[in-house]
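# Structure at a glance
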Amino acid sequence: MKINMTDTMVKLLRDKQLSDKTLLLITDDGGGKYSLQGGACSIGAKFSLIILDQSDPDYAIPLTNDANVALYTSAYDLNFLGDGLTMDYRSYSISLKDNSGLLDGSVRIAKGADVLAAFKKGITVSGATC
């Protein structure tokens, strides 16, 4: 699957020194290994970019892009991503949309190792479930 990253999104990734990292685009619904929050009310409506130190075989589907950012997802997450997938950065927020419309106007960025460590301690994002 292809994803378009706007110039402002690519600049954000470069400014945060993330453009050369391995990134995941996940549906943040509580079902995945790196899901920060979730529950039935957030299925297909919340997304996160997860920064990894190395690739994860559970997220092996590449999201090709003209910026050559190493961005991956899973078969499960693909169910929520459609044609015309675009990630943009404006007004201090990352948005994700496809041809069906806006998927998420506030995509989060988190380090995968930090997420996994927090889960081991029982910590989730405040208001993490429905």
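Let us look at the structure shown here.

Parameters and conventions
Residues numbered from 1 in each chain as written. Predicted model: local features only at pLDDT ≥ 70, side-chain atom pairs only at ≥ 80, totals over all residues. Heavy atoms only, no water. Helix = DSSP H or I, 4+ residues; strand = E, 2+ residues; numbered from the N terminus. Buried < 20%, exposed > 50% of the residue type's maximum accessible area, 1.4 Å probe, protein only. Areas by Shrake-Rupley, 256 points an atom, 1.4 Å probe, with all protein chains shown as cover. Pairing = 2+ DSSP bridges. Contact = heavy atoms within 4.5 Å. Axes fitted to C-alpha atoms, helices over the stretch in contact; angles between N-to-C directions. Phe/Tyr/Trp six-rings, centres within 6.5 Å; stacked < 30°, edge-to-face > 60°. Salt bridge = Lys/Arg side-chain N within 4 Å of Asp/Glu carboxyl O. Polar contact = N/O pair within 3.5 Å; in protein donor to acceptor, adjacent residues only side chain to side chain. Core = buried A, V, L, I, M, F, W, Y, C linked by side-chain atoms within 4.5 Å.

The number of helices and strands found in the chain is 3 helices and 9 strands. Going from N to C terminus, the chain has its helices and strands arranged as β-α-β-β-β-β-α-β-β-β-β-α. Here the chain, with 130 residues, has 42% of them falling under the buried criterion. Per element, the accessible surface of the chain, about 7100 Å² overall, is 49% carbon and sulfur.

So, on to the pairing of strand E3 (residues 47–52). In terms of burial, E3 is a largely internal element, 6 of the 6 residues being buried. The alternating pattern of E3 places Phe47, Leu49 and Ile51 on one face and Ser48, Ile50 and Leu52 on the opposite face, and all of these are buried.

Turning our attention to the sheet that holds strand E4 (residues 61–62). With mixed pairing, 5 strands are arranged side by side in an open sheet as E4-E5-E2-E3-E9. Every interior strand has two partners, whereas the edge strands, E4 and strand E9 (108–111), have only one. Bridge count between strand E2 (residues 22–27) and E3: 6 bridges; the pairing is antiparallel. Considered in E3, the bridge of threonine 22 is made with leucine 52. Packing of helix H3 (residues 112–120) onto the sheet brings it into contact with E3 and E9, and relative to E9 it is tilted by some 75°.

Moving on, we come to the packing of aromatic side chains. Within this structure, the stated rule accounts for 2 aromatic pairs. Where tyrosine 76 meets phenylalanine 80, the ring centres are 5.4 Å apart and the plane angle is 70°; that geometry is what we call edge-to-face.

With the rule as written, the count across this model stands at 5 salt bridges. For aspartate 66, the salt bridge goes to lysine 2, with nearest N and O atoms at 2.9 Å. Placement of the pair is aspartate 66 in the loop between E4 and strand E5 (70–73) and lysine 2 in the segment before strand E1 (4–5), with a sequence separation of 64 residues. Residue classification places aspartate 66 among the exposed positions, given a relative accessible area of 67%. Between lysine 33 and aspartate 58 there is a salt bridge; the shortest N-O distance is 2.9 Å. Of this pair, lysine 33 sits in the loop between E2 and E3 while aspartate 58 sits in the loop between E3 and E4; the two residues are 25 residues apart in sequence, bridging distant segments of the chain.

Further remarks concern the side chain of asparagine 65. Relative to the assigned elements, asparagine 65 resides in the loop between E4 and E5. A polar atom in the side chain of asparagine 65 sits 3.1 Å from the backbone oxygen of leucine 63. From its side chain, asparagine 65 meets the backbone nitrogen of alanine 67 in a polar contact 3.2 Å long. For asparagine 65, the residues in contact, after removing those within four places along its chain, are Lys2, Ile3, Met5 and Leu71.

Take the nonpolar core next. Counting residues in each nonpolar core, the largest one holds 22 residues, and the members touching the most others are Ile3, Met9, Leu25, Leu49, Leu71, Met87 and Leu96. Those elements giving two or more residues to this core turn out to be helix H1 (7–15), E2, E3 and strand E7 (93–98). In this structure, Leu24, Tyr34, Tyr59 and Val115 belong to the second largest nonpolar core, which totals 8 residues.

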